[in-house]
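# Structural features, examined
Here is how the chains run, residue by residue.
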Amino acid sequence: MNEEYDYIVLGTGLKECILSGLLSVKRKKVLQIDRNNYYGGDCASLHPLGKLYEFFTRSDVPEESLGKPKDYNVDLIPKFLMAHGSLVKLLVHTGVTKYLNFKQIDGSYVYTGGYIYKVPADEREALSSSLMGIFEKRRFRSFLIFALNYDCENPSTWQGCDPVNTTMKEVFEHWGLSNDTAEFTGHAIALYLDDGYKEKPCGDAIRRIKLYYDSLSRYGKSPYLYPVYGLGELPQSFARLSAVWGGTFILNKTVTSVTSENGMVAVTSGEETAKAKAVIGDPSYFPDKVKAVGEVVRCICILSHPIPNTYDNQSCQLIIPQKQVNRNSDIYVCCVSYTNNVTPKGKYLAIVSTTVETSNPEQELEPGLKLLGKIDEKFLSISNVYQPLDDGTDSKIFISKSYDATTHFETTCEDIMAMYKRITGEDFDPSSINVNLDMDE
């Protein structure tokens, strides 16, 4: 370990492993260290089921009724990939897909007016959806055709909605969409965390809507993909990529200090010290360089049935927009099962998450938990959300943000791309990467 490197990466969370892989591919000398004896950090997949009980310091053991413990791979922070999103393009660009198999998520749903509805998959489905009244369906269909044909570089497609000078609120009004339709469009399709986007230029929101439907058109059913055997496969695959290009990994290694000296950053473990031009890591390695900006509450639930009212889909994403339950933050529900190779046959993992707003976080999840039906077992966690105090440009210590409550990777990718630009001074633009993945049947 007593060597000099281009970069030292602390932690093996997904963000850290992706950045390690990208830098290794650029022929940079990378050392990656993790205090844990497993990959994934906060976003690890725990296997077998007993590991989940240990993680939550449970003194009991899994009951036989839950099935074979070895058949469980439980994500601590579950998230889905957009089929045409930045993370999938990163996977394709780096060649990591040769280490992975994916399966499509069966359905995408939104909760509104006390009921669960399928998010319309196209203009035709918009006309048949019970989510909207007959006249609203036609307006939404017209809006959807407009959005999918919109090109920020081609004014002839704008129809009076300038991408810079027209707000998204004005776009909704232009097409005569109701508040309910605007809500599920903004939160279940464009995947915004709050309503602040309505007062901003419409270009970004329309881009997000196009991304959702571009992803949907890839494989049908839903825009989301998920790795077979769980998300733990992702950081391990990027770790393999880094190793192929000469990266060095050390697990179960405690970091005792990180200091800057003579233009280099030194990382010390016991009596060993490694130096690098820059250090990258997750917030847990830098408690004095981050600030808490909130909390996320998550509840991992084991079920013996699909989520009710989702057409018996074996996997799905369900978003409860904030205003539907008088909140300031959305509630996210995702479900995976034995078809994703993460549970025994007949068992399901449903995870409910949201941003904490009160002194009773578990109660805040109730609207989502009530939709699950009978719960066999559940595991509750409350995590701080950290952000770095500076961008790392001067200190050469680049720290990732904590994972938010969303059950998709779009905000995660935004942080990765921003860090990559700060670290290398270069943009990584995945927009031109052609996506073509083989789906696991």
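Rules behind the numbers
- Residues numbered from 1 in each chain as written.
- Predicted model: local features only at pLDDT ≥ 70, side-chain atom pairs only at ≥ 80, totals over all residues.
- Heavy atoms only, no water.
- Helix = DSSP H or I, 4+ residues; strand = E, 2+ residues; numbered from the N terminus.
- Rg over C-alpha atoms; globule rule 2.2 N^0.38 Å.
- Buried < 20%, exposed > 50% of the residue type's maximum accessible area, 1.4 Å probe, protein only.
- Contact = heavy atoms within 4.5 Å.
- Lys, Arg positive; Asp, Glu negative; His and termini not counted.
- Charge placed at Lys NZ, Arg CZ, Asp CG, Glu CD.
- Pairing = 2+ DSSP bridges.
- Phe/Tyr/Trp six-rings, centres within 6.5 Å; stacked < 30°, edge-to-face > 60°.
- Axes fitted to C-alpha atoms, helices over the stretch in contact; angles between N-to-C directions.
- Left-handed = near helix turned anticlockwise from the far one by under 90°.
- Nonpolar A, V, L, I, M, F, W, Y, C, P; charged D, E, K, R; others polar.
- Domains from an automatic or database assignment.
- Buried area = accessible area lost by both parts, 1.4 Å probe.
- Salt bridge = Lys/Arg side-chain N within 4 Å of Asp/Glu carboxyl O.

### Section: the overall build of the protein chain
Looking only at helices and strands, the protein chain features twelve helices and 19 strands. Over its C-alpha atoms the protein chain spans a radius of gyration of 22 Å, differing by no more than 12% from the 22 Å that the globule rule assigns to 441 residues. When burial is assessed residue by residue, the protein chain has 56% of its 441 residues classed as buried. Look at the contacts in the protein chain between residues 6 or more apart in sequence, and 72% of them connect residues 24 or more apart. Taken together, the 46 basic and 57 acidic charged side chains of the protein chain have centroids lying 3 Å from each other.

### Considerations on unusual backbone geometry
The peptide bond linking His47 to Pro48 adopts the cis configuration, its omega dihedral lying at -10°. Within the secondary structure, Pro48 sits in the loop between strand 3 (45–46) and helix 2 (49–55). Located in the positive-phi region is Asn252, a residue other than glycine, with phi close to 60°. Along the chain, Asn252 turns up in the loop between strand 10 (248–250) and strand 11 (257–261). Asn252 gets classed as exposed once you look at its relative accessible area, which sits at 55%.

### Describing the sheet that holds strand 9 (residues 224–227)
Spatially, 5-9-6 is the arrangement adopted by the three strands of the open sheet, whose pairing is antiparallel. Each edge of the sheet is formed by a strand with only one pairing partner; in this case those strands are strand 5 (81–82) and strand 6 (102–104). When strand 5 meets strand 9, the two strands line up antiparallel, connected through two bridges. Opposite Met82, over in strand 9, you have Tyr224 as the bridge partner.

### Comments concerning the side chain of Gln322
Tracing the chain through its elements places Gln322 in the loop between strand 15 (316–320) and strand 16 (331–337). Classification of Gln322 by relative accessible area gives buried; the value is 7%. With residues near it in sequence (within four places) discarded, Gln322 still touches His187, Leu193, Asp194, Asp195, Arg327, Asn328, Ser329 and Asp330.

### Some thoughts on the pairing of strand 7 (residues 107–112)
A regular strand carries its side chains on alternate faces of the sheet. Summarising burial for strand 7: six of the six residues are buried, a large majority. Of the two faces of strand 7, the one holding Gly107, Tyr109 and Tyr111 and the one holding Ser108, Val110 and Thr112 are both buried throughout. Taken together, the four bridges between strand 7 and strand 15 define a ladder with parallel strand orientation. Looking at strand 15, one finds that Tyr109 is bridged to Leu318. Of the pairings in the sheet, the one linking strand 7 to strand 8 (residues 115–118) comprises four bridges and is antiparallel in character. Directly across from Tyr111, in strand 8, lies its bridge partner Ile116.

### Overview of the packing of aromatic side chains
Taken as a whole and judged by the stated rule, the model has 20 aromatic pairs. Plain terms: the ring middles of Phe80 and Tyr226 are 5.7 Å apart, the flat faces sit at 85° to each other, and that makes the pair edge-to-face. Here Tyr226 lies in strand 9 and Phe80 lies in the loop between strand 4 (74–75) and strand 5, a separation of 146 residues in the sequence. Tyr226 matches Phe80 in its accessibility class, with the two residues each being buried. The interplanar angle of 50° and the centroid separation of 5.4 Å between the aromatic rings of Phe140 and Phe184 together place this pair among those described as tilted. One end of the pair, Phe140, is in helix 5 (residues 134–149); the other, Phe184, is in helix 7 (residues 179–189), with 44 residues separating them in the sequence. Among the residues examined, Phe184 registers a relative accessible area of 3% and is labelled buried. Following the ring pairs from residue to residue traces out a cluster consisting of Phe140, Phe143, Phe146, Tyr150, Phe172, Trp175, Phe184, Tyr192 and Tyr197.

### Observations concerning the packing of helix 1 (residues 14–25) against helix 3 (residues 86–94)
A pair of packed helices is characterised by two quantities: the angle between their axes and the separation of those axes. Two elements in contact, helix 1 and helix 3, have axes separated by 11 Å at closest approach and are oriented at 35°. The crossing of helix 1 and helix 3 is left-handed. On helix 3, the residues that touch Leu14, Ile18 and Leu22 of helix 1 are Leu87, Leu90 and Thr94. Per-class residue counts for the contact of helix 1 with helix 3 are five nonpolar, one polar and no charged.

### Re the environment of Gly368
Inspection of the secondary structure assignment puts Gly368 in helix 11 (residues 366–369). Along the backbone, Gly368 and Ser353 are 15 residues apart, and their C-alpha atoms lie at a distance of 8.3 Å.

### A word on the domain arrangement of the protein chain
Examined at the domain level, the protein chain breaks down into domain 1 (4–43 + 231–289 + 387–432), domain 2 (52–106 + 292–385) and domain 3 (122–218). The partner domain 3 presents four residues to the five residues of domain 1 that form the contact. In total, domain 1 and domain 3 occlude about 350 Å² of area from one another, counting both sides; carbon and sulfur atoms represent 68% of this. Together, His408, Glu410 and Glu414 form the three largest contributors to the area buried by domain 1 at its contact with domain 3, with a combined 69%. Scanning the region where domain 1 abuts domain 3 turns up one salt bridge.

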